Amino acid sequence: KQEVTQIPAALSVPEGENLVLNCSFTDSAIYNLQWFRQDPGKGLTSLLLIQSSQREQTSGRLNASLDKSSGRSTLYIAASQPGDSATYLCAVRIGGSSNTGKLIFGQGTTLQVKP
Amino acid sequence: DVKVTQSSRYLVKRTGEKVFLECVQDMDHENMFWYRQDPGLGLRLIYFSYDVKMKEKGDIPEGYSVSREKKERFSLILESASTNQTSMYLCASSPFDAGRSYEQYFGPGTRLTVT
């Protein structure tokens, strides 16, 4: 059974710091991995999608890497800002009984960036 | 941009009531999903649909049913609401994808309280 773990559960850093969020999964048979951001009481916003054949994806100050063989992904945030404060979720897409597959989510890392 | 909307941001219902949560997407996506999100348990898949009138159970379907009469609309139904169904409900959609490489797009969520 696929399990996704995110460590740490919470992180507090001063503004301007570069930081890394970690995501690990137990079964390397994934189709892709997606990083999301969730603000308190809101829905999920997709940040980056890495296909199983890719090693990394970049968007602005965000860089996500994927090492399928070791079951790990990292989300790197450069020059953090108070507006980056949110919960970050990773999810892996696995096969299912239909054509859709399904997402398995980690519990998230809650990030606070202090001014 | 993909847009997924949910009929209510906040909803308060009484135990035993029949509750309808509506989700609409405007990108002609074949796949639609309903999740619930609870502290400590993360996001869990309730039901999904890969075509009009087609549905499959997710990980926690008990106490719920769904309806998809039109491609753009996916409804989650609580036949007889109970207090343990108090939660944040999130809808998502994605294109048909036999390669399972597309990302899922989420709505803003509905915070349901059952008293």
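I will try to describe carefully the structure that is included in this document. As the structure is a computational prediction, the values presented were derived from the model and not from experiment.

**Topic: the interface of chain A and chain B**
At the interface, 25 residues of chain A touch 28 residues of chain B. Summing both sides of the interface, chain A and chain B together bury roughly 2,200 Å²; the carbon and sulfur share of this comes to 47%. Here chain A is connected to chain B by one salt bridge. Between D59 of chain B and K102 of chain A there is a salt bridge; the shortest N-O distance is 2.5 Å. Across the chain A-chain B interface, the total number found is nine residue pairs in polar contact (both at pLDDT 80 or more).

**What to know about the state of the cysteines**
As enumerated under the stated definition, the model contains two disulfides over all chains in all. Between C23 of chain A and C90 of chain A runs a disulfide, and the two sulfur atoms are separated by 1.9 Å. On the sign convention where negative means left-handed, the S-S torsion of about 70 degrees between C23 of chain A and C90 of chain A marks this disulfide as right-handed. On the criterion of sequence distance, the pair formed by C23 of chain A in strand β3 (residues 19–25) and C90 of chain A in strand β9 (residues 86–94) is long-range, its members being 67 residues apart. Each of the two residues, C23 of chain A as well as C90 of chain A, counts as buried. Disulfide pairing is shown between C23 of chain B and C91 of chain B; the S-S distance is 1.8 Å. Of note, the bridge from C23 of chain B to C91 of chain B carries an S-S torsion of about -75 degrees and is left-handed in sense.

**Some points on unusual backbone geometry**
Omega for the peptide link from I7 of chain A to P8 of chain A comes to 0 degrees, which places this bond in the cis form. Positive phi, normally seen in glycine, also occurs at A79 of chain A, with a value near 45 degrees. Looking at the secondary structure, you find A79 of chain A in the loop between β8 (72–77) and β9. Phi at D28 of chain B is positive, roughly 60 degrees, even though this residue is not glycine. If you trace the backbone, D28 of chain B turns up in the loop between β3 (19–25) and β4 (31–38).

**Comments concerning the pairing of strand β7 (residues 62–67) of chain A**
Two faces belong to every sheet, and in a regular strand the side chains alternate between them. Residues and elements named next belong to chain A. Bridge count between strand β6 (residues 56–59) and β7: four bridges; the pairing is antiparallel. By the bridge assignment for β7, E56 is matched with S65. If you look at the hairpin formed by β6 and β7, you'll find two residues sitting between the two strands, and G60 has a positive phi there, around 60 degrees. Judged from the six bridges that link them, β7 and β8 form a sheet pairing that is antiparallel. The partner of S65 across the bridge, within β8, is T74.

**Examining the sheet that holds strand β8 (residues 73–78) of chain B**
Residue and element names in this part refer to chain B. Taken together, the four strands give an open sheet; going across it, the order is β1-β3-β8-β7, and neighbouring strands pair in antiparallel fashion. Lying at the two open borders of the sheet, with one neighbouring strand each, are β1 (4–6) and β7 (64–70). The sheet shows a mean angle of 20 degrees between the axes of neighbouring strands, taken without regard to direction. Of the pairings in the sheet, the one linking β1 to β3 comprises three bridges and is antiparallel in character. What sits directly across from T5, in β3, is V24.

Definitions and limits used
Per chain, the residues get numbers from 1 upward, laid out in the order the sequence is written. Chain letters and ligand numbers both follow the written order, the letters beginning at A and the numbers at 1. Per-residue local features are limited, in this predicted model, to residues with pLDDT of at least 70; the limit for side-chain atom pairs, both in listing and counting, is 80 or more; totals at the level of whole chains, interfaces and linings are taken over all residues. Each side-chain value is derived from all of the structure's non-hydrogen atoms; neither hydrogens nor water enter the calculation. By definition in these notes, contact holds between two residues if any of their heavy atoms fall within 4.5 Å. Here the quantity called buried area is the accessible surface, traced with a 1.4 Å probe, that two parts lose on coming together, added over both. The rule for a salt bridge is simple: a side-chain nitrogen of Lys or Arg has to be within 4 Å of a carboxyl oxygen of Asp or Glu. Two N or O atoms form a polar contact when they lie within 3.5 Å of each other; inside protein one atom must be a possible hydrogen donor and the other a possible acceptor, and for residues adjacent in sequence the pair counts only when both atoms belong to side chains. Throughout, disulfides are identified as pairs of cysteine sulfur atoms within 2.5 Å of each other. Here a helix means four or more residues in a row that DSSP labels H or I, a strand means two or more in a row labelled E, and each is numbered from the N terminus. Accessibility here uses a 1.4 Å probe with only protein chains present; expressed as a share of the type maximum, an area under 20% marks a residue as buried, one over 50% as exposed, and anything in between as partly exposed. When DSSP finds two or more bridges between a pair of strands, those strands are recorded as paired. Note on geometry: axes are C-alpha line fits, over the in-contact stretch for helices, and angles between N-to-C directions span 0 to 180 degrees.

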